[in-house]
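So the chains spell out like this:
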Amino acid sequence: MRLADLQRQFQAAILDPDGPGSVDGLALAIPGRVRVHHSHFWTRMGEFIGNWQPLLARFLGAEEMAQLVRRYIAVHPPGTVVASGVCAQLADFLRTAPPWSAWPIVGELAAIDYRRALIRAAAEEATVTGALVAAIDPAVIASIRFRLKQRSALMTSRFQLDVSRLHLVTRETPLDARPVHRLVHMTGRRYATIELEPRSLRAFEPLVAGITLPALDDHLAGLGFDDRERRRFVDHVLDGDLLVAIRD
Amino acid sequence: MPEAADLGVGVGLRHDHYPEFLQGDVAPARWVEVNAEKYLPERGGTRGAHLQVLEHVRARMPVVLHSTSMSLGSARDESQGYLARLKELCAIIEPAMVSDHLCWTGIDDVHLYDLLPLPFVRESVDVLVERISRAQDLLGRRILVENLSTYVTFASSEMSEWEFISEVVRRADCYLLLDLNNVHVSCFNHGWDAHAYLHGIPHDRVRQIHLAGYTDRGRLKIDTHGESVHEPVWELFRWYGDHHGTINPMIERDSDVPPWSELADELRRMSAIVSDVAERRCA
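First things first, this report covers the structure right here in the doc.

The rules behind the values
In every chain, residue numbers begin from 1 and rise along the written sequence. Chain letters start at A and ligand numbers start at 1, both assigned in the order the entries are written. The predicted origin of the model limits local features to residues at a pLDDT of at least 70 and limits the giving and counting of side-chain atom pairs to 80 or more, whereas totals for whole chains, interfaces and linings rest on all residues. No hydrogens and no water enter the side-chain calculation; it runs on all heavy atoms of the structure. Any pair of residues with heavy atoms lying within 4.5 Å of one another is described as a contacting pair. Simply put, the buried area is the total loss of 1.4 Å probe accessible area from both parts when two parts are fitted together. The salt bridge definition used is simple: a Lys or Arg side-chain nitrogen within 4 Å of an Asp or Glu carboxyl oxygen. Pairs of N or O atoms within 3.5 Å make up the polar contacts considered here, provided that, within protein, one atom can donate a hydrogen while the other can accept it, and that residues adjacent in sequence are counted only when both atoms are side-chain atoms. Per the convention used, a helix needs a DSSP run of H or I reaching at least four residues, while a strand needs a run of E reaching at least two, with both numbered from the N terminus. For this classification, Asp, Glu, Lys and Arg are treated as charged, while Ala, Val, Leu, Ile, Met, Phe, Trp, Tyr, Cys and Pro are nonpolar and the rest, including Gly, are polar. Strands pair, by our definition, only if DSSP identifies at least two bridges between them. A fitted line through C-alpha atoms represents every axis, and for helices the fit uses only the stretch in contact; the resulting angles, taken between N-to-C directions, go from 0 to 180 degrees. Note on classification: 1.4 Å probe, protein chains only; a residue is buried when its accessible area is under 20% of the maximum for its type, exposed when over 50%, partly exposed between these limits.

A word on the interface of chain B and chain A. Accessible area lost upon the coming together of the parts is a frequently used measure of interface size. Taken together, the contacts link 42 residues of chain B with 37 residues of chain A. Regarding the contact of chain B and chain A, the summed buried area is about 3100 Å², with carbon and sulfur atoms giving 62% of it. Contact with chain A buries area across many residues of chain B, yet Leu112, Tyr113 and Glu123 of chain B alone supply 23% of it, more than any other trio. At the junction of chain B and chain A, the tally comes to 2 salt bridges. Between Arg8 of chain A and Asp108 of chain B there is a salt bridge, and its shortest N-O distance comes to 2.6 Å. Counting every contact that joins chain B to chain A gives 16 residue pairs in polar contact (both at pLDDT 80 or more). Of all the elements in the fold, those that place two or more residues in the side of chain B that touches chain A are helix 2 (49-58), helix 3 (80-93), helix 4 (122-139) and helix 6 (180-190) of chain B. A per-element tally of the side of chain B that touches chain A places helix 4 of chain B first, with 3 residues. Partitioned by chemical class, the residues of the side of chain B that touches chain A number 21 nonpolar, 12 polar and 9 charged.

Residues and elements named next belong to chain A. Ordered in space as 2-3-4, the 3 strands form an open sheet in which the pairing is antiparallel. Each end of this open sheet is capped by a strand with a single partner; those strands are strand 2 (152-157) and strand 4 (190-196). Strand-to-strand twist in this sheet, taken as the mean axis angle between neighbours without regard to direction, amounts to 25°.

What follows is about the pattern of salt bridges. All names here are of chain B. Within the structure shown, the criterion is met by 30 salt bridges over all chains. Among the salt bridges present, the one from Arg131 reaches Asp77, with a minimum N-O distance of 3.3 Å. Of this pair, Arg131 sits in helix 4 while Asp77 is found in the loop between strand 3 (63-66) and helix 3, placing the two residues 54 residues apart along the sequence. Accessibility expressed as a relative area gives 5% for Arg131, which makes it buried. Taking the shortest distance from any N to any O, the salt bridge between Arg170 and Asp204 comes out at 3.5 Å.

What is expected of a backbone is that most residues other than glycine have negative phi and most peptide bonds are trans. For the bond from Pro98 of chain A to Pro99 of chain A, the omega torsion is 0°, close enough to zero to count as cis. Cis geometry is found at the peptide bond from Ala27 of chain B to Pro28 of chain B, where omega equals 10°. Position of Pro28 of chain B among the secondary structure elements: in the loop between helix 1 (18-23) and strand 2 (31-35). Although it is not a glycine, Asp108 of chain B adopts a positive phi angle of roughly 60°. Along the polypeptide, Asp108 of chain B turns up in the loop between strand 4 (97-101) and helix 4. With a relative accessible area of 28%, Asp108 of chain B lands in the partly exposed category. Positioned with a positive phi, Asn248 of chain B is a non-glycine residue whose angle comes to about 50°. Examined against the element boundaries, Asn248 of chain B turns out to sit in the loop between helix 8 (231-244) and strand 10 (249-252).

What follows is the structure, given as structure tokens:
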């Protein structure tokens, strides 16, 4: 048997969610031992997904979470070397795969949960303040690009998640009528959430990749921010533990 | 073969012990090994939290990068993207050594997060040699390849595992990371003689030694890295040292990680054996 064919059959045996698949034809000395690899793989998948989706795991409970892991991985076997990537398609899976597709809140929760986990896993960075910026030559500041810190994310969702009230959410909880935009970030070990109007969301968007303060000012003016609003926006982000300077 | 740099006694760095490695006294550990995948730079070169810590540790001592994702034995080479990111990490950390395993981890763009066994046949040798050579070219250095703990063997195998390792390592012109825990586990699981195994490997290629703890399930031993090093593995380490020397030994502990003081005790035991062996070999 060619190595590629052997590996494909061995892999299929491991990926079988209902127990080790057939290893007939692989001429294993003790075929039952493929169970060691099967068990190792599914245990790791449960750990990875549980770690990156802790709120979803709490919401669904252990038994249903285990069922979800088997169904999800059967359709989306992992292809990344980094564990965080295993969950990348889970929210979309929940939105389309029965029975969970019948309860839109579940997919929405998974999407928020995963983004929060990515924020939590990101590196802490030293953020800039208005005082620091004011102390530097304006000509120098004008050439520096600033971006939102890694431990932050702009999120749009139709579910106003309050983690302290997760126990009150049921799978029949309807989604909000309109999407809500938020900037979620971590300060130390705590999450902070800033609700954004659509115009404010668009104001923040270029800060994801990075932008100079003069270019940001132009961008805000283009969105209809008047002088006072532009100053207030910049002051808010500079003093909100949100921005880092980009080292090019 | 170039002489191996003697780094002394090392340990696998775990986040549980970050405070000690950033600020404390971590003797007798003189270097660390890390799981490379955990420290890869993000897209665009951003350094994640773990990499930032590793840079600080690197300022204090040598670092060895231990990879699990090259999938050197996969019949399809799908590792180019990963190797490029590993090369970026090497440029940042300047590791003393880079290693992976004589295994495959998936095929057709699937990654199974496990070190999977190969039949000891000509095709496996050819695949490994080609892939190791390509990895070494891309990384610009010789890599170490590690022997696995295995639970299954293939009736199609044409040679012993130690013959297989010897042929791969010599043809690929790479180094060997000798995992003595894995030798013990595999020999127990398959009824092989550990001393025969160790006699059969290319000792001039060994550049690092792993010790770790397995879990005894009665008829099978499982390589969990979740327990202290067991006595049979300590005995193998002493035996191998007496016959062939000890080079860059370290302890791996991946789960149920104990407080640093407990791990340091194991490292002191390792250091004592290294000193004993060195004295006897000089005598």
